[in-house]
Amino acid sequence: MREILSGNEAIARGAYEAGVKVASAYPGTPSTEILENIIQYKEIDSSWAPNEKVALEVGIGASFAGARALVAMKHVGVNVAADPLFTLSYTGVKGGLVLVTADDPEMHSSQNEQDNRNYAKFAKVPMLEPADSQECKEFTRLGLELSEEYDTPVFLRTTTRISHSKSVVQLAEPVTGLPVPALVKNAAKQVMLPSNARVRHPLVEDRMLRLAEAANSMAINRLELRDTRVGIITSGVCYHYVREVFPDVSTLKLGLVHPLPMDLIRRFAAAVDRLFIVEELDPFFEEQIKAQGIAVSGKDFISLCGELTPERILTAFAGQGIIPESTTVQAATLTQVAQESLPGRPPNMCPGCPHRGVFYVLNRLKAYVTGDIGCYTLGFLPPLSAMETCVCMGASIGNASGVVKAVSEEERKKVVAVIGDSTFCHTGINGLMDMVYNKVPATVVILDNRITAMTGRQDNPASGHTLSNEATYRVDLAELCRVLGVQHVRVVNPFDLEETEKALREEMERPETSVIITDKPCVLVKRTGVFLRGPLYAVDPEKCTGCRACLKIGCPAIQWLPDEGVRGLSYIDPTLCTGCDVCRQLCKFSAIGRAK
Amino acid sequence: MSERVINILLVGVGGQGILLASEILSETFMLAGYDVKKSEIHGMSQRGGSVVSHVRYGREVFSPLVPEGEGDILFGFELMETYRYLPLLKKGGSVVVNDLEIAPSSVLMGKEAYPQGLAEKIRAQFPDFLLVDGQGLAREAGNLRAANTVLLGAVSRRLDIAGEYWLQALEKMVPAKALDVNRKAFQLGREL
């Protein structure tokens, strides 16, 4: 049977077909849909972990017990999971373990574009890189098999264009006859005391040498000789871009991107007149291949920054005057369409978003806001413009502590950390523990919207539900803050601007650690009874003076009509309004009220 | 069967249902026996940002992205976004666009004006231009929410794919209770 699947859907299918028993992840674009799809296979125990480190640790446990395991995360998630990863490399596995790293060249939805192929080399872990959805499915299974054969975790690296592109996949039946997981004691292999780890390290080096040798004859490293005047070494989606723009050149498509098949690469180099490498981000292949004394070029004319596209590859080669003669595509055909500049269309918080009022107040109070990762990072954008930092998951609280330690007593009062419920559970708790332990007088706002919203509303330990939508224990954020030692914890309604402002003013003034928790849910929460739409609001054109105060919250439901009234009027789109009531509180002329 | 790869771009605003429309297109092409690839960005772009989805089909498709300037059809769900992505279209390409303007935040706040006369500007550069009253025809079909299916019908006329595959794809991708309205909406679009 054939189906059109995204890379993420195909990885989920691959896990099912390969007999994976346990899957764990923390959501992060572009990896999120892997677990959201794995949940459809009842044979697999799949769950959201509070962060990527825990997700990998869950996977490691399952592997030690003999089950096949899959753990998924976005590229920066591997930074969080790096601690167990580097030692897992030494312990090896029992059941196969595949760690999916979904990289995001171009930073479509990320704070950096680190090239996680470097982790494969750094942690001495083999890495597979599929080029389409069919390969996503096949490489997931192959990764699990290699994992068991070589006693190593295996990376499966995708990029956004692989994770989120769809292509045709041939489905297969799941494997049968895998060993039944059970408790088997093997402490010397799994307890990484120095004496045991010293035994394991040489085995790691040996395994990578054996893999490098085997890589030369692996079918997934595919040498395709066409016109031999030009040869290109590439992998992942770039292989398809190269085939698109230079259909006649010879290619060496790498499916295993670490370790590299050096004998095969030497054979390819000898078979072509000129050798190039087309790879996104770092010169990962190039440096290793050059170190072997093989003449090759790539990053001297292809950018280190951003993703590649067919036209970027074509333009890079053309700019160097080295378009392969045999190509059928001409750079000159890129059409130029006359165009004027258009208004941009940046993303925005949804109508009825509970974060909007908080940022409006923070802006009014001229707070110095250390931000975090989530929808609320959009509080940086005008007109809210109330965020000064955003570094990584959970960083807001530690950043606030550091800023407070550095500045004068008067300026300290302006420092407010803002973090979402899911991000707080991910890696914010330790920051708060540090803040209260070291008596840092800053204010932390936990924007508890009861969901991991930015990645598409996933559940988390503070949402009260699991990945399979089962009701579960819900972290009581206020109690958690109190037991950490925070003496001043208050819960506010973020739709009540007066209450929110009063709480922020008082807590910012207080020379102690304090926490304010907002308690209104995300408008996108689908579970019934969580988000409740209020009565619709409308602008009374008789009372609206055109003062534009209501525009300062940047609500997509409120539109300025410049040609109406004496100097323009505001208008509320009834199809977008959720009745949150925030705009009504901004109108000094009582022009905004319930729609009649 | 066409040997050449056909390139379609779907553009509009996050939340307009562009991804579902591109899935129906892809499903149709697969049912018709073609290789299909599609690509788009999720995540940040969902929050009312600009969205572009690439769909390509043919005997064998390599890149999931349509090379710039090689688009055969620009399928627009909103006027300004359609205008924004014109450079993706090849010379002589077709434009099918919903007659709809969605103001971005700078326009909502009165800081910029929504550009005027876009339909005429597009038509001047791409004569094979169809402006569709998606909402009006959807209402005629029985549900305002079927506007995308009207547009799909209009796009289908420009592709050499038999009607049966379109209907099979609709049956697979649209909830059963909405199927009749969507069949009608598709037909209204196809007759334009």
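Just so it is clear, the model here is predicted, and its values are computed rather than measured.

Undergrad: Can you help me understand the overall build of chain A in this one?
TA: What chain A contains, in helices and strands, is 20 helices and 22 strands. For chain A, the C-alpha radius of gyration of 27 Å lies close to 25 Å, the compact-globule estimate for 596 residues. Excluding contacts between residues fewer than 6 apart, the proportion of contacts in chain A whose partners are at least 24 apart in sequence is 73%. Only carbon and sulfur atoms are counted for the fraction: they give 53% of the accessible area of chain A, which is about 23900 Å². Each charge class in chain A was averaged separately, 62 positive and 70 negative side chains, and the resulting centres sit 3 Å apart.

Undergrad: Where do I start with empty space enclosed by the protein in this structure?
TA: Gaps left between atoms show up when a probe the size of a water molecule is rolled over them. Residue and element names in this part refer to chain A. This model, assessed by the stated rule, comprises six cavities of 30 Å³ or more. Within this model, the largest cavity holds a volume of roughly 130 Å³. G352, C555, C577, C580 and C583 are, among the 17 residues lining the largest cavity, the residues nearest its centre. A breakdown of the residues in the lining of the largest cavity according to their chemical character gives twelve nonpolar, three polar and two charged.

Undergrad: Whenever I open this one, the interface of chain A and chain B confuses me. Can you help?
TA: Many descriptions give the size of an interface as the accessible area lost when the pieces come together. Contact residues are listed per partner, giving 53 residues for chain A and 54 residues for chain B. Summed over both partners, the interface of chain A with chain B buries about 4700 Å², with 57% contributed by carbon and sulfur atoms. It is K166, P343 and R345 of chain A that lose the most area in chain A upon contact with chain B, and together they represent 17% of the buried surface on that side. Counting across the chain A and chain B interface gives four salt bridges. For E78 of chain B, the salt bridge goes to R345 of chain A, with nearest N and O atoms at 3.1 Å. The tally of links from chain A across to chain B stands at 13 residue pairs in polar contact (both at pLDDT 80 or more).

Undergrad: Looking at this structure, I do not really get the confidence of the model for chain B. What am I missing?
TA: Low pLDDT means the predicted coordinates in that region are not meant to be read closely. When pLDDT is averaged across chain B, the result is 93; 96% of the residues are at 70 or more. Here the prediction assigns the complex a pTM of 0.96, and the interface score ipTM is 0.95.

Undergrad: So what exactly am I meant to see when it comes to the layout of surface pockets here?
TA: Residues and elements named next belong to chain A. As a volume, the second largest pocket reaches approximately 650 Å³. In terms of lining, the second largest pocket is formed by 36 residues, of which the most central are K74, Q111, I373, G374 and M393. Among the elements of the structure, α4 (75–91) and α17 (421–437) are those that each provide at least two residues to the lining of the second largest pocket. Element by element, the count of residues in the lining of the second largest pocket is highest for α4, at four residues. There are two domains that each give the lining of the second largest pocket at least three residues, and those are domain 1 (2–215) and domain 3 (356–519).

Undergrad: What is the right way to read the packing of aromatic side chains from this model?
TA: Geometry of an aromatic ring pair is reported as the spacing of the ring centres plus the angle between the planes. Throughout the structure, instances matching the rule amount to 13 aromatic pairs over all chains. A ring pair is formed by F246 of chain A and F317 of chain A, whose centres lie 5.0 Å apart and whose planes are at 75 degrees; its orientation type is edge-to-face. Placement of the pair is F246 of chain A in the loop between α10 (236–245) and β11 (249–254) and F317 of chain A in helix α13 (residues 310–319), with a sequence separation of 71 residues. Accessibility classification places F246 of chain A together with F317 of chain A in one group, the buried group. Pairing Y34 of chain B with Y57 of chain B gives two aromatic rings, centres 4.9 Å apart and planes at 70 degrees, and the pair type is edge-to-face. Placement of Y34 of chain B in the loop between α1 (18–31) and β2 (35–40) and of Y57 of chain B in strand β3 (residues 50–58) is noted, with a sequence separation of 23 residues between them. By relative accessible area, which is 6% here, Y34 of chain B ends up buried. Site record: aromatic cluster; members linked through ring pairs are F29, Y34, Y57, W166 and F186 of chain B. Taking NZ or CZ as reference, R117 of chain A lies 4.9 Å from the ring centre of F285 of chain A, over its face.

Undergrad: Explain the nonpolar core here, please?
TA: Most often, soluble globular proteins keep nonpolar side chains buried together rather than apart. All names here are of chain A. Residues F359, L362 and L432 are the most contacted members of the largest nonpolar core, which totals 76 residues. Both domains that meet at this core, namely domain 3 (356–519) and domain 4 (537–594), each give it at least three residues. Beyond its immediate chain neighbours, meaning those up to four positions away, L432 contacts I397, F424, V444, C481, L484, V486, T513 and V515. Ranked by size, the runner-up nonpolar core spans 59 residues in total, among them A10, I34, W48 and Y150.

Basis of the calculations
In every chain, residue numbers begin from 1 and rise along the written sequence. For naming, the first written chain is A and the first written ligand is 1, with later ones following in the order written. Reporting in this predicted model follows two pLDDT cut-offs: at least 70 for local features of residues, and 80 or more for side-chain atom pairs to be given and counted; totals over whole chains, interfaces and linings ignore these cut-offs and use all residues. Working from all heavy atoms in the structure, the side-chain values ignore hydrogens and water. Working definition: helices are DSSP H or I runs of at least four residues, strands are E runs of at least two. Numbering for both runs from the N terminus. What the globule rule says is 2.2 Å times the number of residues to the power 0.38, and the radius of gyration is computed from C-alpha atoms. Only heavy atoms enter the contact rule, under which two residues are in contact if any of them lie within 4.5 Å. Accessible areas in this description were obtained via Shrake-Rupley with a 1.4 Å probe; residue shielding takes into account the shown protein chains only. The sign given to each residue is positive for Lys and Arg and negative for Asp and Glu; His and the chain ends receive no count. By convention, charge coordinates are those of NZ in Lys, CZ in Arg, CG in Asp, or CD in Glu. Definitions used throughout: a 1 Å grid over protein atoms alone; a cavity as a set of points that fits a 1.4 Å probe which cannot get out; a pocket as an open set with protein on both sides within 12 Å along at least five of seven lines; a lining residue as one with an atom within 4 Å of a point. Grid points are joined across faces, edges and corners, and a volume is the space filled by probe spheres set on the points. Think of it as three bins: nonpolar holds Ala, Val, Leu, Ile, Met, Phe, Trp, Tyr, Cys and Pro, charged holds Asp, Glu, Lys and Arg, and polar takes everything else, Gly as well. When two components associate, each loses some accessible surface as probed by a 1.4 Å sphere; the sum of these losses over both components is called the buried area. Any carboxyl oxygen of Asp or Glu within 4 Å of a side-chain nitrogen of Lys or Arg constitutes a salt bridge here. Any N or O atom pair separated by 3.5 Å or less is treated as a polar contact, with the protein-specific requirement of one donor-capable and one acceptor-capable atom, and with residues adjacent in sequence counted only for side-chain atom pairs. Scored from 0 to 100, pLDDT reflects the predictor's confidence in each residue. The start and end points of each domain follow an automatic or database-based domain assignment. The pairing test for Phe, Tyr and Trp rings, Trp by its six-membered ring, is centres within 6.5 Å, and the orientation test on the planes gives stacked under 30 degrees, edge-to-face over 60, and tilted for anything in between. Buried residues are those whose accessible area, probed at 1.4 Å on protein chains only, stays under 20% of the maximum for their type, while exposed residues exceed 50% and partly exposed ones sit between those limits. Placement of a positive charge over a ring is assigned whenever Lys NZ or Arg CZ falls within 6 Å of the ring centre and within 35 degrees of the normal to the ring plane. Residues enter a nonpolar core if they are buried and are Ala, Val, Leu, Ile, Met, Phe, Trp, Tyr or Cys, with the set joined through side-chain atoms within 4.5 Å.

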